[in-house]
Every structure is written in C-alpha cells, then in structure tokens.
Amino acid sequence: MWQNLRWEINAKFKEKIHRHVSSFQVIILGFMLVILLGSLCLTLPLATRDGQGASFLDALFTSTSAVCVTGLVLHDTASYWSMFGQAVILFLIQIGGMGVVTVSVAVAIFSGRKISLMQRSTMRESISAPQVGGIVRMTEFILKTVFLVELLGAVAMAPVFVRDFGFLKGVWYAMFHSISAFCNAGFDLIGIRSPFSSLTTYASQPVINLTIMALIIVGGIGFLTWEDVKRNRLHFSRYRMQSKVILVTTAVLIAAPAAWFFFFEFSELPLGTRLLSALFQSVTPRTAGFNTADLTKMTEAGQMLMIVLMLIGGSPGSTAGGMKTTTIAVIFSSARAVFRQKESAHFFQRRIPEEAIRNAGAILLMYLGLFLAGGMFISYEELIRTLSERETMPEMLVMEYLPGTEYSVDFLADHGEPIYTVSRRGLSVVTSNMMSLVVDDNPAVKEICTQVVRSLELDGNFGFDLLYNANDETPYVIEINPRLTAGVVSCAAAGVNLPYLGMKRLLGEPLPELTPHFGTRMSRRYQEAFFDAAGNRLDW
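Structural notes, computed from the coordinates. Each chain carries its own residue numbering, running from 1 in the written order of its sequence. Whole-chain, interface and lining totals are the exception, using all residues; otherwise, since this is a predicted model, local features are given only for residues with pLDDT of at least 70 and side-chain atom pairs are given and counted only at 80 or more. Heavy atoms from the whole structure form the basis of all side-chain values; hydrogens and water molecules are not counted.

## Quick word on the overall build of the protein
Secondary structure elements are taken from DSSP: a helix is a run of H or I of four residues or more, a strand is a run of E of two residues or more, and numbering for both begins at the N terminus. Tallying secondary structure elements over the protein gives 19 helices and 10 strands in all. Considering the protein as a whole, with its 540 residues, one finds that 44% of them fall into the buried category. What makes two residues a contact is simply this: any of their non-hydrogen atoms within 4.5 Å. Across the protein, contacts joining residues at least 24 apart in sequence account for 60% of those joining residues at least 6 apart. When the accessible surface of the protein is totalled, it reaches about 29600 Å², and 62% of it is carbon and sulfur. A 1.4 Å probe rolled over the protein chains alone gives each residue an accessible area, and that area as a share of the maximum for its type sets the label: buried under 20%, exposed over 50%, partly exposed in between. Surface accessibility in these figures is a Shrake-Rupley result with a 1.4 Å probe; residues are shielded only by whichever protein chains are displayed.

## Description of the side chain of Thr327
Note on placement: Thr327 falls in helix α15 (residues 325-339). Not counting the four nearest positions on each side in its chain, Thr327 is found in contact with Ala360 and Ile363.

## Some thoughts on unusual backbone geometry
Located in the positive-phi region is Val69, a residue other than glycine, with phi close to 45°. Note that Val69 resides in the loop between α3 (56-67) and α4 (77-80). Even without glycine at this site, Lys324 takes up a positive phi of about 90°.

## Some points on a nonpolar patch on the surface
Like charges are joined within 9 Å and nonpolar side chains (Val, Leu, Ile, Met, Phe, Trp, Tyr) within 5 Å, but only among residues with over 30% relative accessible area and no salt bridge; these make up the patches. Salt bridges are defined as contacts in which a side-chain nitrogen from Lys or Arg sits within 4 Å of a carboxyl oxygen from Asp or Glu. Residues Leu33, Leu36, Leu37, Leu40, Phe56 and Leu57 make up a contiguous nonpolar surface patch of about 590 Å² in total accessible area. Counting residues per element, the ones that place at least two in the nonpolar patch are α2 (23-42) and α3. With 4 residues, α2 is the single largest residue contributor to the nonpolar patch. Residue Leu57 is classed as exposed on the basis of its relative accessible area, which comes to 64%.

## Brief notes about the packing of aromatic side chains
To pair, rings of Phe, Tyr and Trp, with the six-membered ring standing in for Trp, must have centres within 6.5 Å; the planes then decide the type, stacked if under 30 degrees apart, edge-to-face if over 60, and tilted in the middle. Scanning the model with the defined rule gives 16 aromatic pairs in all. Taking the centre distance of 4.4 Å and the plane angle of 40° together, the rings of Trp260 and Phe264 count as tilted. On the criterion of helical spacing, the pair formed by Trp260 and Phe264 is a turn pair, its members being 4 residues apart in helix α12 (residues 241-264). A relative accessible area of 51% means that Phe264 is categorised as exposed. On the numbers, 6.3 Å between centres and 45° between planes, the contact of Phe261 with Phe266 is tilted. Of the two residues, Phe261 and Phe266, both sit in the buried class.

## Here's the deal with the nonpolar core
If you look at the biggest cluster of nonpolar residues, it comprises 57 residues, and the most contacted ones within it are Ile93, Phe161, Ile212 and Phe290. Per element, the largest residue contribution to this core is 12 residues, and it comes from helix α8 (residues 135-165). For Ile212, the residues in contact, after removing those within four places along its chain, are Met157, His177, Ala181, Leu199, Phe280 and Phe290. Only buried residues count toward a nonpolar core, which is a set of Ala, Val, Leu, Ile, Met, Phe, Trp, Tyr and Cys residues joined through side-chain atoms within 4.5 Å. Counting residues in hydrophobic clusters, the runner-up holds 13 residues, among them Tyr407, Val452, Leu458 and Leu466.

## Quick look at the packing of helix α11 (residues 223-232) against α12
Where α11 meets α12, the closest approach of the two axes is 9 Å, and the angle between their N-to-C directions is 105°. The angle between α11 and α12 places the two elements in the roughly perpendicular class. Residues Leu224, Thr225 and Asp228 of α11 touch α12, and the partners they reach there are Gln242, Ser243, Ile246 and Leu247. Here the term charged refers only to Asp, Glu, Lys and Arg, the term nonpolar to Ala, Val, Leu, Ile, Met, Phe, Trp, Tyr, Cys and Pro, and the term polar to all other amino acids, Gly among them. Grouping the amino acids of the contact of α11 with α12 by side-chain chemistry returns 3 nonpolar, 3 polar and 1 charged. A fitted line through C-alpha atoms represents every axis, and for helices the fit uses only the stretch in contact; the resulting angles, taken between N-to-C directions, go from 0 to 180 degrees. Every angle not falling under 35 degrees, over 145, or within 65 to 115 is termed oblique; those three ranges are roughly parallel, roughly antiparallel and roughly perpendicular.

## Quick word on the environment of Ile192
Here Ile192 lies in the loop between α9 (167-182) and α10 (206-221). Residue class for Ile192 comes out partly exposed when judged on its relative accessible area of 37%. Sequence separation between Ile192 and Ala78 is 114 residues, and the spatial gap between their C-alpha atoms is 5.4 Å. In contact with Ile192, other than residues within four places in its own chain, are Arg49, Asp76, Ala78, Phe165 and Tyr173.

## Observations concerning the pairing of strand β9 (residues 528-531)
Strands are treated as partners if at least two bridges between them are detected by DSSP. As paired elements, β9 and strand β10 (residues 537-538) share 2 bridges and run antiparallel to each other. The residue bridging Phe530 from the neighbouring strand is Leu538, located in β10. Joining the antiparallel neighbours β9 and β10 is a turn of 5 residues, in which Gly535 adopts a positive phi near 95°.

Set out below in structure tokens:
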C-alpha cells in the first residue's frame, strides 16, 4: 500500500512539473545547475595550483564560459588550474558541447530507464530535431559520433604533444584539445609555455592546425547534418534542405574569410604558414576561440571580419554557439528576394516559410542588440575601472570640443612684428587636397594671432589654424606651424604672394604695401579654382 501511494505521489508530482515547466525552461535550468555545480568545484583548494582555490566570481565565470563553450578565461588554464581543475573544466566543456539534455538522456539510456515523452520533447528542442520520433536513436548516434571523433582527434595530435611534453602530459593535452576543439570551446593548455598564448607556437605545425580545424568544423556542422550524411552518403540531392544550407553556408564562411586573411593579413609569413594561418583564423572565430596568430597585430578590417564570424557561429544542433549559419543564410536569401523583387525567398528551388524568415529576423535583431549593449557596457566598465585604479590623474594636455568655424591665418613677420597677415575662413575642409575657403577679414582672429607673433617674436613665414566654439563666439588657436598652411595659394590669388614676399625679405629687397582682396574664394578638388567676391572665375 505504501509503495503504491509513493508511486502515485511521484506520478502526480511529475505531472504537475510537466504541466508548468516547458522544454526551454528545462534546458535553461539544466545549464544553470551544471554551471553552479562547476563553479563550486572550481572553488575547491585542489582546483588551483596554489592550493587556495578560485574566488566564486572567477569560478562562476570560468564555469559559465566552459559550459557555454565561449573560451573566455580570466586565468590561463594551464598555469592557474590544477589537474583537477582542468578536468572539471573539460567535463563542463563536454556537457556544454553535447548539451545538458543530451547527457541526461544518455544517462537514462545507459541506466536502462524508459525515456518519457517530456524528455523526448526536450531533447528535440535541444538538438533542433525536426520531430520527436527517433530521438533515442539520434541520441545514440550523437554519443557514438562525439566519442569517435574526439578519440580520432586525440590520436592524431598525441604524437606531437607527446614529443613536446612527454607521454602522460602529451596524452592529456591531446585529449583536452580534441574535446575542446570538437565542442568549439577554445580552452587550451599551451599557456604552460607562455600564458594566454593559445596555439600561436603551433602556427606552422600542420598536424595540430589541420586536426583542430577538422574538429571545429565537424562539431560546428551539427549532428543532424552528419546523420543526414551518414544516411545518404555523398548523394547531396537527397539531403534535407537544412543540411544543404548548412554545408553550403559553412563552405562559404570558410573560403571567403580565408581568402581575405591570406591576401590582406598574413603577407609577412612564409607561404605554408600563411595558408595555415588564413584557414585557421577563418575556421576558429565561429565560436571556437583558438588562435595561431597575434590578433592584436591584425588590421581593424580583419578584426571586424572576425567579429562578424563570431556573431554567426555554427549550425543548429551542433556544439557551436552563435546566431547559426541557417539564420544568416535565411536573412541573405530574403534580402536577395527583395532586391530581385521576388514574392518569396528560396533555397534549392524550395520556398522558405515566412515563419522561418520572421524567426531569423528576430534572432538577428536580438544578437545585434545584445552585442551592441554588451560592448557599450564593457567599454564603460573598463573606463570606470581604469580611472578608479589611479589615486591621482597625471598632468595632461586636453582640448575642448570645438565644432565651430575653422580659420587659417598665414603671416610674414619681422622678429615679432607682422608685415603681412591673410586670414581665410573654411567653408568646407575635408583634407588638404579637398577644401573650399574664402579670404576673410576677421579682426578677432587676426588680433589673437598677432599677440602670439609678438609674444614669441616669430620671424619669417608661418601659419596658424584656429577653431571657434559651438556658438562661434570665441576663436581658439589649435596649431602654430613653422611653415605656411596648405591653403596659402589662395593668399596669392587674393594679391598677397607670401612665399614670394618672404624670399624678397630674405634678399633684402623692399616690400610693397599690400591689402588682400577680401572675398576671394578657392575651391580645391585636387586642383584649385579661384573666384572673386562677386563669384566670377579668376584665371589666375
């Protein structure tokens, strides 16, 4: 009787939970629980090399990064964490890569328990499967694929790591990096050589490069796609549309960035290393996080391309994160349909459902919003932290923002006494080769420059640049150059040829009294054109 009562209570309790907790909530709660348990393990004294244990915040960050396979670290994995700590991180990476639900279902299968409909539904959501049917078989396929691929990766890398670190450590390194690469985690142990160096010491090593790249690609394509490949072999036309889109998009996202990196980023490297580095940096940004090149030395364009790849990420049902290759493919296909004035978007002669397009747009908007908001918050926090760490600020020269009118003034002076002064108001100044200005008689500007000339007892030809404040009330000197300014030719067009007059002064010849033709305008677009105050073209 008591046993029947217990079964009845358990059944009602499970039914109540299933009624109020959705599949998505189960997945989220599962990840949160694993992260919390991992954090507690990493705070233990035996988790760090110094025997002190990590702080809870450091442990929480590392655990979250491992389970969510981001690869971000606060401490170098090899030099800070002990063997136990590294094992905990690797266990978290494996769970995060396979998925909490996949692991829980696998445990249920091995224990001989029956898989409930709720578990099957949650599993379907976890791996983005098209239907509930066949989920148990799919779980078995995932487990076999994961351990087979990770084993092959470890075997391939073991000879290199055993040669460099000895047998036991070499085998451990091979296993760690194989799991980390397949799960797209980006954690590494090569920091034992140089902290936070990732795989830069293996930039020219083909076995490590090719194996890590292969593991990242295999893990990032997704289990459903590999199941499709297993079932249909090389008959591409028989694949599901999702598998076709994933394979084509993945190929494009590897080839196109690799070409950019090869031609514009690593030109100083030998040809073989250059090719490996270009391919590796094309594959790894999409959530893996390894690097064989110094990212700080890449151009801003290359870094921006990597940011785009990181946002895109891997494919549905894979070990990778990001907005997914299918999302970006749907967005591009939809945009292409709009540009070509088509009623609907298509993949391989099949129409994309409107719901898929709406979902892709919502995901893109969410990722961009989180990306921008997170970047702004991190930048703000970094500024506050940097300022708060200093007890006193060092002396520095700063200038207020001056968005007003720009003036240039050219002088010829005799030991502090101005001889000729020509001021010009900027109408449009882009560069020294692209500008539009007018010779202008501005007493306030001339007075400030004259005071500087007399105070510094300047002698010869030189030029000033000034800017007004927002209300155009006060001009401020921003530059004093021991030369004439870029627009000095306009002075000659206005009747005061300062370089010529400067030479006459040096030769001791008498200087005439001259007054500039105010209102003379110059427009330069790599070649000057001059106009008088009435707007007539000057053939000067």
